[in-house]
Amino acid sequence: MMGTIKRIIRHLKMFMRSRSRKARQTPPFLVVFINSVCNLTCEHCFYWKNLNQRNDLEVEEFEKLSLELGNFEHLNLSGGEPFIHKQFAQIVQFFIDNNGVKEVYVPTNAYFTERTEKQLRQLLKANTPEQLSLFVCEISLDGTQAFHDEFRGNPKSFSKAMETYDMLAELQKEDSRLQIHCISTATDTNMKEIWDLTEFLYERCPAMDHHNLAIIRGDRKDPSLQGPSLNQYEDLYQHIAKVWKAKEEERYGSIVEPMLQWGKLKVISEEKQSISCTAGNMTGVVYANGDVSLCEIHEPIGNLRDNTFFEIWDSKKANMLRAEIEAKKCHCTTEVFLWPSIVYQPIELMRAFFGIRNKWKNQ
């Protein structure tokens, strides 16, 4: 009962937070590119031009950032391949200690089993459930083994991902705060592949809680790759929802998943910002080289090596970009920005709720 009351109070605070922004106010959802180093050559990568650079932030610079920021709960780490970073656990710990981060989400190609285990064990051991309540590893897979290996440019990428999953499954038995998800990016070339993959994962990976479906975006490495047709994407999502239905009923937050997919389909079909976006208020981005942006779609508005985070975040340039976003001059299907835009805005939440009632009422 007390847990429910706390969630309601927290949700009401987030509702209020989404409606206004003050100076020196830390976004509650922060995306941090912990490095630019990656061992794979994924065809759909939107960050490919910035990979494997020599100007990534140093550990001390991440600590300086965390000391400047206020409290926030949700840390989304990206890269590069995040678990390549030898100080991964140390950097995450900065945000737990200095900013009260309680939930961490990390997309990973899951290639480095031993490194991943070492970093996770260090974090889980160092923090109580009150300090760190959730750590989600999102294994990125694009299709079944042959397709995935070719698409990622490495003949061991799928088998290494399964090896890492097996390790994570054993670690989850020791600590239930660890959750294992899969994320697949839909293109015009892998619809059947993901269809088969989700069935494989459900049987092969019983400790996996969720299979997330994303849509290709940005300046992808292979410019010939396009997004799937709306009908293909909707059929694939419904198939995934059917396969994973039993697990989704037990997963906290699963009620939002169909709303999120509804929102993405609406944005694509209307080719406009159909959901009022809260980027620059509820969410922000820090790239591996120190660039700061309101979201992953727009260009950076400054760099941490030139100015402090809040000098950038509260700048005239940042406010001009916020005005453009509020005027709906852009649109995207990026989950980390759509999620708070739906969940923490009452009008958008109701629109999404009623939008899915007939569309996927049997899912």
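Residues numbered from 1 in each chain as written. Predicted model: local features only at pLDDT ≥ 70, side-chain atom pairs only at ≥ 80, totals over all residues. Heavy atoms only, no water.

The protein goes by Radical SAM core domain-containing protein in an unreviewed UniProt entry, where it is assigned to hydrothermal vent metagenome.

Student: Could you give an account of the overall build of the protein, with specific residues and numbers?
Tutor: When helices and strands are counted, the protein shows 14 helices and nine strands. A globule of 363 residues ought to have a C-alpha radius of gyration of about 21 Å, and the protein, at 19 Å, matches this closely. Reported as C-alpha extents along the three principal axes, the dimensions of the protein are approximately 50 × 50 × 45 Å. Taking all 363 residues of the protein together, 56% fall into the buried category. Nonlocal contacts in the protein, meaning residues at least 24 apart in sequence, comprise 79% of its contacts between residues at least 6 apart. Of the roughly 16,800 Å² of accessible surface on the protein, 51% is carried by carbon and sulfur atoms. Charge-centre separation for the protein: the mean point of 45 positive side chains lies 5 Å from the mean point of 49 negative side chains. (Helix = DSSP H or I, 4+ residues; strand = E, 2+ residues; numbered from the N terminus. Rg over C-alpha atoms; globule rule 2.2 N^0.38 Å. Buried < 20%, exposed > 50% of the residue type's maximum accessible area, 1.4 Å probe, protein only. Contact = heavy atoms within 4.5 Å. Areas by Shrake-Rupley, 256 points an atom, 1.4 Å probe, with all protein chains shown as cover. Lys, Arg positive; Asp, Glu negative; His and termini not counted. Charge placed at Lys NZ, Arg CZ, Asp CG, Glu CD.)

Student: Outline the pairing of strand E1 (residues 29-33), supporting the account with residue identities and numerical values.
Tutor: Most of E1 is tucked away: five of the five residues are buried. Relative to strand E2 (residues 74-78), E1 runs parallel, the two being bridged by five bridges. Note that in E2 the partner of Leu30 across the bridge is Leu75. Once the chain exits E1 it traverses helix H2 (residues 59-68) before rejoining the sheet at E2, and the crossover so formed is right-handed. Here E1 runs beside strand E7 (residues 283-286); their pairing, made up of four bridges, is parallel. Note on E7: the bridge partner recorded for Val32 is Val286. (Pairing = 2+ DSSP bridges. Right-handed = clockwise from strand over helix to strand, strands pointing away.)

Student: Please provide a residue-by-residue account of the pattern of salt bridges, values included.
Tutor: One pass over the structure, following the stated rule, counts 16 salt bridges. Of the charged contacts in the structure, one is a salt bridge between Lys160 and Glu163, with a shortest N-O distance of 3.6 Å. With a gap of three residues between them, Lys160 and Glu163 both fall in helix H6 (residues 157-174), about one helical turn apart. Residue classification places Glu163 among the partly exposed positions, given a relative accessible area of 39%. One salt-bridge network, in which partners are shared between bridges, spans Glu117, Arg121 and Glu174. (Salt bridge = Lys/Arg side-chain N within 4 Å of Asp/Glu carboxyl O.)

Student: So what about the packing of aromatic side chains? Which residues, and what values?
Tutor: On inspection of all chains with the given rule, the structure shows 15 aromatic pairs. Here the aromatic rings of Tyr202 and Trp244 are separated by 5.2 Å at their centres, their planes lie at 85°, and the arrangement is edge-to-face. Linking Tyr202 in helix H7 (residues 191-204) with Trp244 in the loop between helix H8 (230-243) and helix H9 (245-248), this pair joins segments that are 42 residues apart in sequence. What makes Tyr202 partly exposed here is its relative accessible area of 25%. A relative accessible area of 1% means that Trp244 is categorised as buried. Among the aromatic residues, those joined into a ring-pair cluster are Phe33, Phe46, Tyr47 and Tyr287. Sitting above the plane of the Trp313 ring, Arg322 keeps its charged end 4.9 Å from the centroid. (Phe/Tyr/Trp six-rings, centres within 6.5 Å; stacked < 30°, edge-to-face > 60°. Lys NZ or Arg CZ within 6 Å of the ring centre and 35° of its normal.)

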